[in-house]
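Observations on the model geometry
For reference, the chains in residue letters:
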Amino acid sequence: MKTTKIVSLLLVTVLICGCKKENWSDWKAQNEVWLAQNALCDSIVTTPTGLQYKCIDAGWEYSAQPDEQKMVVITYTGQLINGYVFDSTFDKTTQKDNPASMYVSEVVQGFAEGLKKMHQYGHFKFYIPYKLGYGANGSGSEGTERFIPPYSTLIFDVTLHSVN
């Protein structure tokens, strides 16, 4: 009897987990369609890896560009294709941007690739496909403020202030 309950519980768990993954297939399709449409815009550049970016301001042309070992100081807003902002350096309380310092090697692949294309004081938008972002697993816990669903395209509006 106890074995039957355990097997039943395992079967229900597998079915629930399987259903949950299926729920993300529509979101994955929406993100893929969104990226395909975005790639058609004149100002969007698509790299061989699939990263899409738009240069809003090239910054100082002769300044250093980041590489994997560099620390950068940036301001940014990260959002999903539905407009949900999951992270930002903008403080709503003070109404000011608080620049963040981070190593290029510590960010997701698509963000790092985009940063390496920038010069100091440059302003870009990155459109990062899920394979260059948080992948099929997403990030964080569902229901929390910084949850990023599986298969999400990440949209970052980034200004590079300095490269150290």
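The rules behind these values
Residues numbered from 1 in each chain as written. Predicted model: local features only at pLDDT ≥ 70, side-chain atom pairs only at ≥ 80, totals over all residues. Heavy atoms only, no water. Helix = DSSP H or I, 4+ residues; strand = E, 2+ residues; numbered from the N terminus. Buried < 20%, exposed > 50% of the residue type's maximum accessible area, 1.4 Å probe, protein only. Contact = heavy atoms within 4.5 Å. Areas by Shrake-Rupley, 256 points an atom, 1.4 Å probe, with all protein chains shown as cover. Phe/Tyr/Trp six-rings, centres within 6.5 Å; stacked < 30°, edge-to-face > 60°. pLDDT = per-residue confidence, 0-100. Pairing = 2+ DSSP bridges. Core = buried A, V, L, I, M, F, W, Y, C linked by side-chain atoms within 4.5 Å.

Regarding the overall build of the protein chain
Across its full length, the protein chain holds 2 helices and 9 strands. Traced from its N-terminal end to its C-terminal end, the protein chain shows the element sequence α-β-β-β-β-β-β-β-α-β-β. Within the protein chain, buried positions represent 38% of all 164 residues. Of all intrachain contacts in the protein chain linking residues separated by at least 6 positions in sequence, the fraction that spans at least 24 positions is 73%. With an accessible surface of roughly 10000 Å², the protein chain has 55% of that area assigned to carbon and sulfur atoms.

A short note on the packing of aromatic side chains
On inspection of all chains with the given rule, the structure shows 11 aromatic pairs. Look at Phe86 and Phe156: their rings are 5.6 Å apart centre to centre, the planes differ by 90°, and that puts the pair in the edge-to-face class. Taken as a pair, Phe86 in strand β4 (residues 85-88) and Phe156 in strand β9 (residues 154-163) lie far apart in primary sequence, 70 residues in all. One aromatic cluster is present, built from ring pairs that chain together Tyr53, Tyr76, Phe86, Phe111, Phe124, Phe126 and Phe156.

A closer look at the confidence of the model for the protein chain
Looking at the protein chain as a whole, its pLDDT mean stands at 88, while 87% of the residues score no less than 70. Throughout residues 1-21 the model reports pLDDT below 50, and contacts reaching past four residues in sequence, or to other chains, amount to 1 contact.

Focus on the pairing of strand β2 (residues 52-57)
One ladder, built from 2 bridges, connects strand β1 (residues 45-46) with β2; its direction is antiparallel. What sits directly across from Val45, in β2, is Tyr53. Adjacent in sequence and paired antiparallel, β1 and β2 are bridged by 5 residues, among which Gly50 carries a positive phi angle near 110°. One ladder, built from 5 bridges, connects β2 with strand β8 (residues 123-128); its direction is antiparallel. Within β8, the position partnered with Cys55 by the bridge is Phe124.

Here's the deal with the nonpolar core
With 35 residues, the main nonpolar core has Ile74, Phe111, Leu115, Phe126, Phe156 and Val158 as its most contacted residues. Put simply, the parts of the chain that give this core at least two residues each are α1 (2-38), β3 (71-79), β7 (100-103), α2 (109-115), β8 and β9. Take this core: its biggest share by element is 6 residues, from β9. Beyond its immediate chain neighbours, meaning those up to four positions away, Phe156 contacts Tyr76, Thr77, Gly78, Phe86, Phe111, Phe124, Lys125, Phe126 and Ile128.

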